[in-house]
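Given next are the chains, with one letter for each unit.
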Amino acid sequence: MQQLILDIRPHTPKRFDNFVVGDNAEVVARLQAAGRAEAADLLYLYGPPGSGRSHLLEATQRDAARPTLRLSANAAGDFSAEAGTLLLIDDIEQLDEAAQIALFRCFNAAQRDRCLLYTSPSPRDGL
């Protein structure tokens, strides 16, 4: 007989103040600046599962003082975002072809005013 673990811990929101920064202080500072609309940037976070990519993405969205659009692997292939929007894409390598095309068009429509933050487990999955 195998004993099962009952996980009854409450959901803890992902924030910058509950992320273990370690050697990533510069990354966290850039994400916070992007959320405050102080930078139009292209930020690519990669690392193995459990490295904090999704945590940082959620923390950035939670603290953002600008419009955000968060896409996931099951994003519809037709979406748009206004200028100044912070585009957040977790696990970009999982977007289907239609979503990739829509993302490309959306980002190019107002490239100077947009910030794109995306994640994947490998550096070779980047745009």
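Note that the coordinates shown come from a computational prediction; the quantities given were computed from them, not determined experimentally. (Residues numbered from 1 in each chain as written. Predicted model: local features only at pLDDT ≥ 70, side-chain atom pairs only at ≥ 80, totals over all residues. Heavy atoms only, no water.)

Colleague: Lay out the overall build of the chain with the relevant residues and their values.
Modeller: Looking only at helices and strands, the chain has 3 helices and 4 strands in total. Reading the chain from its N end, one meets helices and strands in the order α-β-α-β-β-α-β. Looking at the chain residue by residue over its 127 residues, the buried ones come to 38%. Just so you have it, the chain exposes about 8100 Å², and 51% of that area is on carbon and sulfur atoms. (Helix = DSSP H or I, 4+ residues; strand = E, 2+ residues; numbered from the N terminus. Buried < 20%, exposed > 50% of the residue type's maximum accessible area, 1.4 Å probe, protein only. Areas by Shrake-Rupley, 256 points an atom, 1.4 Å probe, with all protein chains shown as cover.)

Colleague: Could you give me a rundown of the pattern of salt bridges, with the residues and numbers involved?
Modeller: Evaluation of the coordinates by the stated rule reveals 3 salt bridges. Between Arg15 and Asp17 there is a salt bridge, and its shortest N-O distance comes to 2.8 Å. In this structure Arg15 comes out as partly exposed when scored by relative accessible area, which is 31%. In this structure, Glu58 engages Arg62 in a salt bridge whose closest nitrogen and oxygen atoms are separated by 3.2 Å. In this pair, Glu58 and Arg62 are both assigned in helix H2 (residues 53–63), 4 residues apart and thus about one turn of the helix distant. For Glu58, a relative accessible area of 18% corresponds to the buried category. In this structure Arg62 comes out as partly exposed when scored by relative accessible area, which is 43%. (Salt bridge = Lys/Arg side-chain N within 4 Å of Asp/Glu carboxyl O.)

Colleague: Tell me what's going on with the pairing of strand E1 (residues 42–46), and back it up with residues and numbers.
Modeller: Only one face of E1 is covered, namely the face carrying Leu43 and Leu45; the face carrying Leu42, Tyr44 and Tyr46 is uncovered. As defined by bridge partners, E1 adjoins strand E4 (residues 115–120) across 5 bridges and the pair is classed as parallel. Directly across from Leu43, in E4, lies its bridge partner Leu117. (Pairing = 2+ DSSP bridges.)

Colleague: Residues and numbers for the pairing of E4, please.
Modeller: Within E4, 6 of the 6 residues are buried, which leaves it mostly tucked inside the rest of the structure. Residue alternation in E4 divides its side chains into two sets, Cys115, Leu117 and Thr119 and Leu116, Tyr118 and Ser120, and both sets are buried. Two strands pair when backbone bridges link them, and strand E3 (residues 86–89) and E4 are joined in this way by 4 bridges, in the parallel orientation. Bridge pairing links Leu86 to Cys115 in E4.

Colleague: So what's going on with the nonpolar core? Which residues, and what values?
Modeller: Of all hydrophobic cores here, the largest spans 14 residues; its most connected members are Phe16, Leu31, Leu56 and Leu117. Every element with two or more residues in this core is listed here: helix H1 (25–35), E1, H2, E3 and E4. The contacts of Leu31, once residues within four sequence positions are left out, are Phe16, Leu43, Leu45, Leu56, Thr60 and Leu117. Of all hydrophobic cores here, the second largest spans 12 residues; its members include Ala81, Leu87, Ile89 and Cys106. (Core = buried A, V, L, I, M, F, W, Y, C linked by side-chain atoms within 4.5 Å. Contact = heavy atoms within 4.5 Å.)

Colleague: So what about the packing of aromatic side chains? Which residues, and what values?
Modeller: Two aromatic rings, taken as a pair, are described by how far apart their centres are and by the angle between their planes. On inspection of all chains with the given rule, the structure shows 2 aromatic pairs. Here Tyr44 and Tyr46 contribute two aromatic rings whose centre-to-centre distance is 5.5 Å and whose plane-to-plane angle is 40°, an arrangement assigned as tilted. Of the residues examined, Tyr44 reaches a relative accessible area of 22% and is grouped as partly exposed. The exposure class assigned to Tyr46 is partly exposed, which follows from its relative accessible area of 48%. Aromatic side chains Tyr44 and Tyr118 sit 4.5 Å apart centroid to centroid with 20° between the ring planes, which places their arrangement in the stacked category. (Phe/Tyr/Trp six-rings, centres within 6.5 Å; stacked < 30°, edge-to-face > 60°.)

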